[in-house]
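Chain residues, written in single-letter form:
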Amino acid sequence: MSTDGNRSWQMTGFGLSKLNPVRGEIPEPGPHELLVRTKAVSLNYKDKLIVDGMLISDLTFPFVPTSDAVGEIVAIGSAVSRFQVGQRVLGQVIADWPDGDAPPVLHRHTLGSSLPGTLSEHVVFGEDAAVLAPPSLSDIEAATLPIAALTAWFAMTEATRPVPGQTILIQGTGGVSLFALQFAAAFGLRAIVTSSSDEKLKRAKEFGAWQVINYRTQPAWDEAARKLTDGLGVNHILEMVGGDNARRSLNALAADGRLSIIGLLGATEISFPVVPLMRNRIVVQGISIGHRRSFERMNQAIEALRIKPVVDKVYGFDDVPQAFGHLEKGPFGKIVITAT
């Protein structure tokens, strides 16, 4: 970590070529804020979309991207009461959602999109938008939690309730998907994992997948999922792709099933027939990470269940472009950038 100013990666426009390292002043925390020395940052597909200009078109430049980080509190504001210097914390990505119902206008105060991001040696978190990092996790592991883990947790425990023995279909083997797989195994759910890679599916079995489907060799993966469930269908599907893929998800669901819309790897719009949606009483829910109280509950569960995040590769702070390039290739688990 540099002691000469504050090094950050800042966007001066859209595109990876416009993301460059700069050096500036270390920020001062306000009365209710924490100054955090960043230890590690993890990447999400959302970060790539923002850098590429595909998610938010009205950013004010220069802009620091990314939203997931863990670090040590090095200074606190005069009115801070929840934390003290020396503690290790994670930022709550949707900073104005402490508990209960989401704010009326979601993502108005969100790290790495409407608020400055975390790809910086020092960051400022509001004291009401931070949580203690799980003690059992390293900095690299803890950095993966704010979006990927909390999204999976919120979809599986807050927006619904896991019922042991029920079936969940998890699309892909990225960060959210592998956290969902680990939670599913801990909750006693039967997890079906889909991927185009036999090698990744083999590894998914090692992490507790009940069944796996290669959607490249089995394009009608929805029918394959129904066969695995004796024709009944899957109780819950985590939709990571969007677009026409959602039609297959709908077909794979059991009566009274639930479709959690999480990702948009394929398209930003979805469409499917209405009749089976109504006939089978399907619940479609959009998942947008989760609130701080859920984050705290999840961290307690991670400690109790001894869950360890799956990290594909770790990059140094000078290798941010390479880390984003790896993200585009589809990692198995999370990509982390160290800031020390």
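Everything below is about the structure printed above this text.
About the thresholds
Residues numbered from 1 in each chain as written. Predicted model: local features only at pLDDT ≥ 70, side-chain atom pairs only at ≥ 80, totals over all residues. Heavy atoms only, no water. Helix = DSSP H or I, 4+ residues; strand = E, 2+ residues; numbered from the N terminus. Buried < 20%, exposed > 50% of the residue type's maximum accessible area, 1.4 Å probe, protein only. Contact = heavy atoms within 4.5 Å. Areas by Shrake-Rupley, 256 points an atom, 1.4 Å probe, with all protein chains shown as cover. Lys, Arg positive; Asp, Glu negative; His and termini not counted. Charge placed at Lys NZ, Arg CZ, Asp CG, Glu CD. Phe/Tyr/Trp six-rings, centres within 6.5 Å; stacked < 30°, edge-to-face > 60°. Lys NZ or Arg CZ within 6 Å of the ring centre and 35° of its normal. Pairing = 2+ DSSP bridges. Axes fitted to C-alpha atoms, helices over the stretch in contact; angles between N-to-C directions. Polar contact = N/O pair within 3.5 Å; in protein donor to acceptor, adjacent residues only side chain to side chain. Right-handed = clockwise from strand over helix to strand, strands pointing away. Salt bridge = Lys/Arg side-chain N within 4 Å of Asp/Glu carboxyl O.

A. Examining the overall build of the protein more closely. Looking only at helices and strands, one finds 10 helices and 15 strands in the protein. When its C-alpha atoms are laid out on the principal axes, the protein stretches across 60 × 40 × 40 Å. For the protein, the proportion of its 340 residues judged to be buried stands at 52%. The contacts of the protein with a sequence gap of at least 6 include a subset with a gap of at least 24, amounting to 69%. About 14600 Å² of surface is accessible on the protein, with carbon and sulfur atoms providing 51% of the total. Once the 32 positive and 34 negative side-chain charges of the protein are each reduced to a mean point, those two points are 6 Å apart.

B. Broad picture of the packing of aromatic side chains. The final tally for this structure, using the stated rule, is 7 aromatic pairs. Taking 6.3 Å as the distance between ring centres and 25° as the angle between the ring planes, the aromatic pair formed by F179 and F183 counts as stacked. Linking F179 with F183, this pair stays in helix α4 (residues 175–187), spanning 4 residues, or about one helical turn. According to the relative accessible area criterion, F179 is buried, its value standing at 2%. The cationic tip of R190 hangs over the ring face of W210; the distance from NZ or CZ to the ring centre is 4.2 Å. Over the aromatic face of F332 sits the side chain of R203, whose NZ or CZ is 4.0 Å from the ring centroid.

C. Spotlight on the sheet that holds strand β10 (residues 211–214). The parallel open sheet is built from 6 strands, whose spatial order is β10-β9-β8-β11-β12-β13. The open sheet has two edge strands, β10 and β13 (283–286), and neither has a second partner. On average, each strand axis in the sheet is inclined to that of its neighbour by 20°, with strand direction left out of account.

D. The arrangement of the side chain of N6 in detail. Looking at where N6 falls in the secondary structure, it is placed in strand β1 (residues 6–11). Within the structure, N6 has its side chain in polar contact with the side chain of S120 (distance 3.0 Å). A polar contact is formed between the side chain of N6 and the backbone nitrogen of H122, at a distance of 2.8 Å.

E. Layout of unusual backbone geometry. Of note, the amide linkage connecting F61 to P62 takes the cis form, showing an omega dihedral of 0°. Along the polypeptide, P62 turns up in the loop between α1 (45–51) and β4 (68–76). Phi is positive for H107, close to 70°, though the residue is something other than glycine. If you trace the backbone, H107 turns up in the loop between β5 (88–91) and β6 (122–126). Under the relative-accessibility criterion, H107 is labelled partly exposed at 34%. Of note in this structure, D256 is not a glycine but carries a positive phi near 65°. Along the chain, D256 falls in strand β12 (residues 253–261).

F. View of the pairing of β10. Pairing of strand β9 (residues 190–195) with β10 involves 4 bridges; the strand directions are parallel. Paired with T194 across the two strands is I213, which belongs to β10. The β-α-β motif built from β9, the intervening helix α5 (residues 198–206) and the parallel element β10 has right-handed crossover chirality.

G. Representation of the pairing of β1. Where burial is concerned, most of β1 is hidden: 5 out of the 6 residues are buried. The sheet contact formed by β1 and strand β2 (residues 19–24) spans 6 bridges and is antiparallel. Among the inter-strand pairings, S8 is bridged to a residue of β2, identified as V22.

H. Quick peek at the pattern of salt bridges. In total, this model carries 14 salt bridges according to the counting rule given. Where R7 meets E121, a salt bridge forms, and the shortest distance between an N and an O atom there is 3.6 Å. Linking R7 in strand β1 with E121 in the loop between β5 and β6, this pair joins segments that are 114 residues apart in sequence. Accessibility classification places R7 together with E121 in one group, the buried group. Between E72 and K39 there is a salt bridge, with its nearest N and O atoms 3.9 Å apart. With E72 in strand β4 and K39 in strand β3 (residues 33–42), the pair connects residues that are 33 residues apart, well separated along the chain. A residue is classified by how much of its surface remains accessible, and E72, at 24% relative accessible area, is partly exposed.

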